[in-house]
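# Working through the structure, step by step
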Amino acid sequence: MSSPIPTIDLSADSPTRQAELIRQALNTVGFFVVVNSGSLKAGEVDEMFKDMKDLFSNPKEIKESFPADKIGSGYIKPLAQSLGPYRRDYREAFQYGRQSSKWKQPLPPPFIDDSSALIRMKSFYKACHETSERLLELFALALDMPFEHFRKCHSFGLNTAISMLHYPTLSEEERERVRETDIRAGEHKDWGTLTLLFQEPNGKPGLQIYLPTSYAPPGLVPISTTNSSEYATPGTENESWAWYAAPVPPPGGFLVNVGLAMELWSGGTYKATLHRVVFPEEETEDRWSIAYFVQPDDEVVIQPVMGAGKVDESVPPITSGELFGSKLRESMERTAALAKQRQEMDRQSIPTPRAIVA
Ligand SMILES: O=C(O)CCC(=O)C(=O)O
Ligand SMILES: [Fe+2]
């Protein structure tokens, strides 16, 4: 299937060539598919999907007794989050992160102490960690920076997290009721440095990315085109933009995209691309995905790189913790406002919502 998202084989080519391909992908589409990463085996990913399905099959009361803490580790129930400006996210999530020698996250079955599921999840975390370190090195090389420039700012195991995501099946009636106010995952840019995004080999489509139409292969028909420059990035205001379907990666493969921290750090060379997950048109099937969100350490100061080992010190510095904190606050305020709006609509039976932009 033709897609605007390129595939990069991490077992082929020299690091210099891989860095060049990554730079091309991130400077335009902002997403790429990785195959043959070496660290992440298809079997290990399959096991993670089985274990996460067990986790979400726990009774509601059990899941809700592990609520997300203030940085999002733990359980988030459906409609309790809004990644995008207009609609709430109809998905449940469980985030595993922030382990340290001083702090251990409480986990529901099947991830209880000493369980084989917990051992598998830790090993999956480690494989994602190793893969991300390699990608961070390539990201730096491609910008003519010392290879460890980004990697050394990540100690993994602090803010970096596995996020297990379940998009439930809705009855036709419920879909109709929530069509205007909710979406599987609202349009957003990720917040951190990079995200690894996994799906099952026969996973359900639904992930879409928003691009100038000139970035798509010739002849590829977008899902919907807009002339709205609402989300246009500088220099692309006059282009037409469209939503394109992201491919379901092959077994052992996964998607990679960058977030706002990396966009800022790379001086805008790497694009944090807007994406969303939509409800299926007709059939209503559950969708499962796993994201590994990579975040620099809180105290890391992000300033744009200029190549040759230099950073642009004229740009006001922001720490990774400040950036993450402000995005989290924005999202919580937006969710509260959207929930209020939905309540009001239910009270008055108004069919159309107003947009709320934080
Ligand atoms: O579930 C997906 O495919 C995408 C989820 C996503 O973009 C996110 O949680 O940031
Ligand atoms: Fe995302």
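Here goes a summary of the coordinates provided.

Cut-offs used in this document
- Residues numbered from 1 in each chain as written.
- Chains lettered and ligands numbered in written order.
- Predicted model: local features only at pLDDT ≥ 70, side-chain atom pairs only at ≥ 80, totals over all residues.
- Heavy atoms only, no water.
- Salt bridge = Lys/Arg side-chain N within 4 Å of Asp/Glu carboxyl O.
- Helix = DSSP H or I, 4+ residues; strand = E, 2+ residues; numbered from the N terminus.
- Buried < 20%, exposed > 50% of the residue type's maximum accessible area, 1.4 Å probe, protein only.
- Axes fitted to C-alpha atoms, helices over the stretch in contact; angles between N-to-C directions.
- Parallel < 35°, antiparallel > 145°, perpendicular 65-115°, else oblique.
- Contact = heavy atoms within 4.5 Å.
- Nonpolar A, V, L, I, M, F, W, Y, C, P; charged D, E, K, R; others polar.
- Donors = N, O, S within 2.8 Å, 3.2 Å for Na, K, Ca; no water.
- 1 Å grid on protein atoms, 1.4 Å probe; cavity = no way out; pocket = protein on both sides within 12 Å on 5 of 7 lines; lining within 4 Å.
- Points joined across faces, edges and corners; volume = space filled by probe spheres on them.
- Near = heavy atom within 4 Å.
- Polar contact = N/O pair within 3.5 Å; in protein donor to acceptor, adjacent residues only side chain to side chain.
- Areas by Shrake-Rupley, 256 points an atom, 1.4 Å probe, with all protein chains shown as cover.
- Sits in = over half its atoms within 2 Å of the grid points.
- Expected span 1.5 Å × (residues − 1).

On to the pattern of salt bridges, then. Taken as a whole, this structure holds 18 salt bridges when the rule is applied. Between Glu-47 and Arg-120 there is a salt bridge; the shortest N-O distance is 3.5 Å. Here Arg-120 lies in helix α4 (residues 116-141) and Glu-47 lies in helix α2 (residues 42-56), a separation of 73 residues in the sequence. Overall, the relative accessible area of 29% leaves Glu-47 in the partly exposed class. Given the relative accessible area of 29%, Arg-120 is considered partly exposed.

On to the packing of helix α1 (residues 15-28) against α4. It is at 8 Å that the axes of α1 and α4 come closest, and there the two elements cross at 80°. Of the possible angle classes, the one that applies to α1 and α4 is roughly perpendicular. Contacts between α1 and α4 involve Pro-15, Gln-18, Ala-19, Ile-22 and Leu-26 from the first element and Arg-134, Leu-135, Leu-138, Phe-139 and Leu-141 from the second. Across the contact of α1 with α4, the residue classes break down as 8 nonpolar, 1 polar and 1 charged.

The reference angle at a metal is 109.5 degrees if four donors form a tetrahedron and 90 or 180 degrees if six donors form an octahedron. The coordination sphere of the iron ion (ligand 2) contains the protein donors His-188 (NE2), Asp-190 (OD) and His-275 (NE2), at a distance range of 2.1 to 2.2 Å. Spacing between the donor residues of the iron ion (ligand 2) along their common chain follows H-x1-D-x84-H. Residue Asp-190 is located in the loop between β8 (185-188) and β9 (194-199), and its partner His-275 is located in strand β14 (residues 275-277); the two are separated by 85 residues in the primary sequence. Note on His-275: relative accessible area 5%, which makes it buried.

Tracing the sequence through the fold places Glu-133 in helix α4. Measuring from C-alpha to C-alpha, the distance between Glu-133 and Ser-155 comes to 9.9 Å, with 22 residues separating the pair along the chain. With sequence-adjacent residues up to four places away left out, Glu-133 is seen in contact with Arg-151 and Phe-156.

What follows is about the layout of surface pockets. Each pocket or cavity is described by its volume, and for the largest pocket that value is around 830 Å³. If you go around the largest pocket, you meet 47 residues; those closest to its centre are Ile-76, Gln-81, Leu-83, Arg-91 and Gln-95. Mapped by element, the contributors of at least two residues to the lining of the largest pocket are β3 (74-76), β5 (92-97), β6 (161-167), β8, β9, β14, β15 (287-294) and α7 (320-348).

With that out of the way, let us pick up empty space enclosed by the protein. Using the criterion set out here, one finds 3 cavities of 30 Å³ or more in the structure. As a volume, the largest cavity reaches approximately 60 Å³. Along its surface, the largest cavity is lined by Ala-42, Val-45, Asp-46, Gln-199, Glu-200, Pro-201, Pro-249, Pro-250, Pro-251, Gly-252 and Gly-253. Of the residues belonging to the lining of the largest cavity, the class tally is 6 nonpolar, 3 polar and 2 charged.

Residues in close proximity to ligand 1 include Arg-91, Leu-165, Tyr-167, His-188, Asp-190, Leu-197, Leu-207, His-275, Val-277, Arg-287, Ser-289 and Phe-293, which together make up its full environment. Tyr-167 places a polar side-chain atom, nitrogen or oxygen, 2.6 Å from an oxygen atom of ligand 1. At 2.6 Å, a side-chain N or O of Ser-289 approaches an oxygen atom of ligand 1. For ligand 1, the protein covers 97% of the area, taking 290 Å² as the surface of the free molecule. The site holding ligand 1 turns out to be the largest pocket. Among the secondary structure elements, those contributing two or more residues to the shell around ligand 1 are β6, β14 and β15. With 3 residues, the single largest contributor to the shell around ligand 1 is β15. In the shell around ligand 1, the residues fall into 6 nonpolar, 3 polar and 3 charged.

Here the focus is unusual backbone geometry. Backbone torsion omega between Pro-109 and Pro-110 reads 5°, so that peptide bond is classified as cis. Residue position: Pro-110 is located in the loop between β5 and α4. Positive phi outside glycine occurs at Asp-13, with the angle close to 65°. Within the secondary structure layout, Asp-13 lies in the loop between β1 (7-9) and α1. Even without a glycine there, the phi angle at Asp-114 is positive, about 65°. Counting through the fold element by element, Asp-114 comes out in the loop between β5 and α4.

In this model α7 runs 42 Å from its N-terminal to its C-terminal C-alpha over 29 residues, within 8% of the 42 Å that 1.5 Å per residue would give. If you check which residues of α7 are buried, you get Ser-320, Leu-323, Phe-324, Lys-327, Leu-328, Ser-331, Arg-334, Thr-335, Leu-338, Gln-341, Arg-342 and Met-345. Among the structural elements, β4 (88-89), α5 (172-178), α6 (260-265), β16 (301-302) and β19 (318-319) are those in contact with the buried residues of α7. Downstream of α7 by a residue or two, Ser-349 has a phi angle that is positive, lying close to 55°.

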